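Chain by chain, the residues run as shown.
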Number of protein chains: 2
Amino acid sequence: MSDRTTTPATLDDHLDATRDARLASLHEFLRIPSISALPEHAADARRAADWLADALGTAGVENVEVTETSGHPVVYGDWLHADGAPTVIVYGHYDVQPVDPLDEWTSPPFEPVVDGDRLLARGAADDKGQIHAHVVAAAALLATRGRFPINVKYVFEGDEESSSVPLEGWLTANQHRLAADAAIISDTGFFDGNIPAITVGLRGLMYAQIDVQLSPVDLHSGSYGGAVNNPAIALAQIIAALKGPDGRIRIPGFYDDVLELTEVERAAMADLPFDEEAYRAAVGVSALVGEAGYTTLERKATRPTLDVNGIWGGFQGEGSKTIIPAKAHAKVSTRLVARQDPHDVFEKLRDFVLEIAPPGVEVSVHLLGTGRPTVTPIDHPITRAAARGLEAAFGRAPVYRREGGSIPVAATFESVLGLPVVLEGFTQPHERAHAPNEWLDLGNYEKAIRAIVATFDEIAALDRTGGDRRSTDG
Amino acid sequence: MSDRTTTPATLDDHLDATRDARLASLHEFLRIPSISALPEHAADARRAADWLADALGTAGVENVEVTETSGHPVVYGDWLHADGAPTVIVYGHYDVQPVDPLDEWTSPPFEPVVDGDRLLARGAADDKGQIHAHVVAAAALLATRGRFPINVKYVFEGDEESSSVPLEGWLTANQHRLAADAAIISDTGFFDGNIPAITVGLRGLMYAQIDVQLSPVDLHSGSYGGAVNNPAIALAQIIAALKGPDGRIRIPGFYDDVLELTEVERAAMADLPFDEEAYRAAVGVSALVGEAGYTTLERKATRPTLDVNGIWGGFQGEGSKTIIPAKAHAKVSTRLVARQDPHDVFEKLRDFVLEIAPPGVEVSVHLLGTGRPTVTPIDHPITRAAARGLEAAFGRAPVYRREGGSIPVAATFESVLGLPVVLEGFTQPHERAHAPNEWLDLGNYEKAIRAIVATFDEIAALDRTGGDRRSTDG
């Protein structure tokens, strides 16, 4: 069983024989509506954590526990019998985004549907499908070889979609048992055209809410219109002032700490195989629009930006209701790049909004979440091992990309645990994470399982070939 | 019973004896959730129409019918036995505004609650309480005198809160049986401080919706942020462009047809007893804000304005959801003054919005409702009769005011039926029409019943005293 030279066939045979069972298991996992942002789904988050812990235990992972945090539980498990081999933390999250607008789903978000190579469900890609591939890889390794080639510590959280703040506290409190050589985060995707990719840069996040209040109650727009301000118009004026028609963010000092791309980095991005028109068509927009002076690839991954994620106030029904809303609100977030600090950016946003607040309304701004931006080195041995693992499974060397999204915990692994982080994710680029009809490419999922095993093997090989493995646990 | 000299006491006695019964009846009427704008309440609108028809019939009004329109039914009834006396159309509406935000009501909107002199319920003031006072006045007249002093035709519609378009068609189709000398509209209120008032000007209305679409589905704000436009920001930019910081509407040509107030009119308004600070405090706003160069009273009743009545798009829940919304929407309406045409104003709005629409999003504008502005002459005999009727019941001569709201049918009575219109309404100025916790002042309601009878008597007296009654039915 542990003869490494015959293992690949054995592992493949095992995976071929267990395909139906693992799809049934993945469906079961996806059926749990573990939406972390909505308090009414707290019990579902716990159910998903329990389910995941059971799956890890059944796979043969040891010391499995569902452990408390200030938010939803963390699921921990390890396998630490590869004496002398590196230790890797594997990270993912079992929580999912909210599902609204529900009426745009072609099938209920928590009833998985297979359509050709696509598995449609909330969380299929982000991130349950990816952590399920890790659990399957663990089960396959232990079933066929009886062991892992390296030491592995699994850390699966339940608050990623609502900030990862509870995990940060948990990581700090549990540093003693999280000693490792590197962290593998599987929560990213491939490059356009479904080209395997390793993500070497992540944007940070500052997520805030702006509230504008006019009056205690809605006012009749006929009786009061003209005499009082309108909170939705005031909010529109504030939002319009945040970004210029040139796509530049107008919050004073916003760009102060931005680390500009080098000419070498810009040239490397320009060399990536990117078909702008195909991308535009796949996204389904009439035109790509962004900050003047930068390409689309630069804009979506290496430049900070500001978006309104939600806006509401007053009457939203059919027909007409003649009111001046009492209140209007907007969720406003910025994606940040290296060296911007989310708390500093929040303060600059808040100060500017309060400064430009129109008269006759009360304006307040509060912070909902932060994540620091990260950049990981392309030439780190762990990154190279992951690249070889991806190439072994997908038959093509990965490209190195920056990703516009944020994984707050990536910065935490670096700063709290002092670990190099490799972002090895497996989803198709247009899998609709966070949107209705999120889907997982089942081909990618199957190969991801093999890529995880191959990556572990490559990390084990690093040591034997004298790779400059960094160790914090001696 | 019909001896007029002994009637007042008899009528008062009758009203004193039937107070509990009419409050119970009013509660019953208010319990019907006849929200005209929401299709799911169509059956409730019909139920309210049937209830009202029953009440009119029980009062002794004749030829009562619930008659079809292109929208909700019109309730018609008449009493035409006052030979030689004037004929008056009495107008009101049995439909009500939607009730959201529901969580701001202190009690369920369709379960009336009496709190001191206040009766709390959706429609209590606008307009069920007022038409109920008319039904009670009819019943009291017929119970105590056996007759009306004039001929009366009741027209109660069910679409006022969603445009009155169906009624306009019905009035045109039923001109033959609507011959009259004047129309009394009871759908307005008193002047600040609860001073009896006759409304001599109404603003018109143009109500539209702006839709901004980015993409078929919400997009992940990390993956796509910076590369695509944001429909909520685009909408904010459009809205911010519609009105300047000076409160002037910036739609080209918007003010072209506005009939400016004369110096005499401005002086008369300045003479009205209006405590701006008390008004501000009663509305509950931190400051009164409006068009530069005009007073608050002028702004809220004699100047056109533009408001956002509702705005929505993207995530509205607790916490954070990191999306770029697929779509964003706003309900935008303008209040119009004499000589502005709502269709012309809509075209100007639409053209301007499409002209300034930002790139990368699809913008569309559609019309949801219109109402023409009206101004009625202060010195018309019917206006003077109503003023005497109000003074008899409320012990104080009314002031003449312009009202910022719109009653689309007022213009239709003038243009289609050729009738002078008197706007004799009875609600307290801060009764929260269209807002949560709408209430009716029960003192005003009781006196309104007496004022209606007194107004009918004054109209009957007009003829005998040689008032210059205008007749269209010979």
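Residues numbered from 1 in each chain as written. Chains lettered and ligands numbered in written order. Predicted model: local features only at pLDDT ≥ 70, side-chain atom pairs only at ≥ 80, totals over all residues. Heavy atoms only, no water.

Student: Before we go on, may I ask you to explain the pattern of salt bridges in this structure?
Tutor: Pairing between side chains of opposite charge can happen when the charged atoms of each approach one another. Residue and element names in this part refer to chain A. Per the stated rule, a full pass over the model turns up 44 salt bridges over all chains. With a closest N to O distance of 3.3 Å, R19 and E446 form a salt bridge. Of this pair, R19 sits in helix 2 (residues 19-30) while E446 sits in helix 14 (residues 442-464); the two residues are 427 residues apart in sequence, bridging distant segments of the chain. Here R19 falls in the partly exposed class, since its relative accessible area comes to 34%. Between R22 and E446 there is a salt bridge, with the nearest N and O atoms lying 2.6 Å from each other. (Salt bridge = Lys/Arg side-chain N within 4 Å of Asp/Glu carboxyl O. Helix = DSSP H or I, 4+ residues; strand = E, 2+ residues; numbered from the N terminus. Buried < 20%, exposed > 50% of the residue type's maximum accessible area, 1.4 Å probe, protein only.)

Student: Would you mind going over the interface of chain A and chain B with me for this structure?
Tutor: A common way to report how large an interface is uses the accessible area buried once the components associate. Listed per partner, the contact involves 90 residues of chain A and 90 residues of chain B. When the two sides are added together, the surface that chain A and chain B hide from each other amounts to roughly 7400 Å², 52% of it contributed by carbon and sulfur. Sorting the residues of chain A by area buried against chain B places V289, I311 and K321 of chain A first, and these three jointly supply 8% of that buried surface. Linking chain A with chain B are two salt bridges, by the criterion used here. The residue K327 of chain B makes a salt bridge to E104 of chain A at a minimum N-O spacing of 3.1 Å. No other element matches strand 11 (residues 305-314) of chain A, which puts ten residues into the side of chain A that touches chain B. Of the residues contributing to the side of chain A that touches chain B, the split by class is 39 nonpolar, 32 polar and 19 charged. Sheet analysis places strand 11 of chain A next to strand 11 (residues 305-314) of chain B, joined by five bridges and oriented antiparallel. (Contact = heavy atoms within 4.5 Å. Buried area = accessible area lost by both parts, 1.4 Å probe. Nonpolar A, V, L, I, M, F, W, Y, C, P; charged D, E, K, R; others polar. Pairing = 2+ DSSP bridges.)

Student: For this particular structure, what's the right way to read the confidence of the model for chain A?
Tutor: Low pLDDT means the predicted coordinates in that region are not meant to be read closely. Residue and element names in this part refer to chain A. Considering every residue of chain A, the mean pLDDT works out to 92; 95% of them sit at 70 or more. Segment residues 1-8: pLDDT under 50, and eight contacts once partners within four positions in sequence are set aside and those in other chains are kept. Between residues 466-474, whose pLDDT stays under 50, and residues either more than four places distant or in other chains, the model counts 19 contacts. The complex model carries a pTM of 0.76, and its ipTM stands at 0.77. (pLDDT = per-residue confidence, 0-100.)

Student: Just to check I follow, could you spell out helix 3 (residues 42-59) of chain A for this structure?
Tutor: Residues spaced three or four apart along an α-helix point in a common direction, a consequence of the helix completing one turn every 3.6 residues. Residue and element names in this part refer to chain A. For helix 3, spanning 18 residues, the distance from its first C-alpha to its last is 26 Å, which sits close to the expected 26 Å at 1.5 Å a residue. Looking at helix 3, one finds that the buried residues are D44, A45, A48, A49, W51, L52, A53, A55, L56 and A59. Positive backbone phi, approximately 110°, marks G60, located one or two places after helix 3. (Expected span 1.5 Å × (residues − 1).)

Student: Explain the packing of helix 7 (residues 231-242) of chain A against helix 11 (residues 342-356) of chain A to me, please; I cannot follow it from the model alone.
Tutor: How two helices pack is summed up by the angle between their axes together with the distance between the axes. All names here are of chain A. At their nearest, the axes of helix 7 and helix 11 sit 10 Å apart, and the two run at 130° to each other. If you check the angle between helix 7 and helix 11, you find them oblique. Relative to helix 11, helix 7 is oriented so that their crossing is right-handed. Facing I238, A241 and L242 of helix 7, the residues of helix 11 in contact are L349, F352, V353 and I356. The class makeup of the residues in the contact of helix 7 with helix 11 is seven nonpolar, no polar and no charged. (Axes fitted to C-alpha atoms, helices over the stretch in contact; angles between N-to-C directions. Parallel < 35°, antiparallel > 145°, perpendicular 65-115°, else oblique. Left-handed = near helix turned anticlockwise from the far one by under 90°.)

Student: What is the right way to look at the environment of Y154 of chain B in this model?
Tutor: Mapped onto the elements, Y154 of chain B comes out in strand 6 (residues 151-157). Between the C-alpha atom of Y154 of chain B and that of G319 of chain B, which follows or precedes it by 165 residues, the distance is 52 Å.

Student: Help me understand the relation of the copies chain A and chain B, please; the structure alone is not making it clear to me.
Tutor: Each of the two chain copies can be brought onto the other by rotation about an axis and movement along it. Mapping chain A onto chain B calls for a rotation angle of 180° and an axial translation of 0.0 Å; the resulting RMSD is 0.0 Å. Viewed as a symmetry operation, the transformation between the two copies matches a two-fold axis. (Least-squares fit on C-alpha atoms with pLDDT ≥ 70 in both.)

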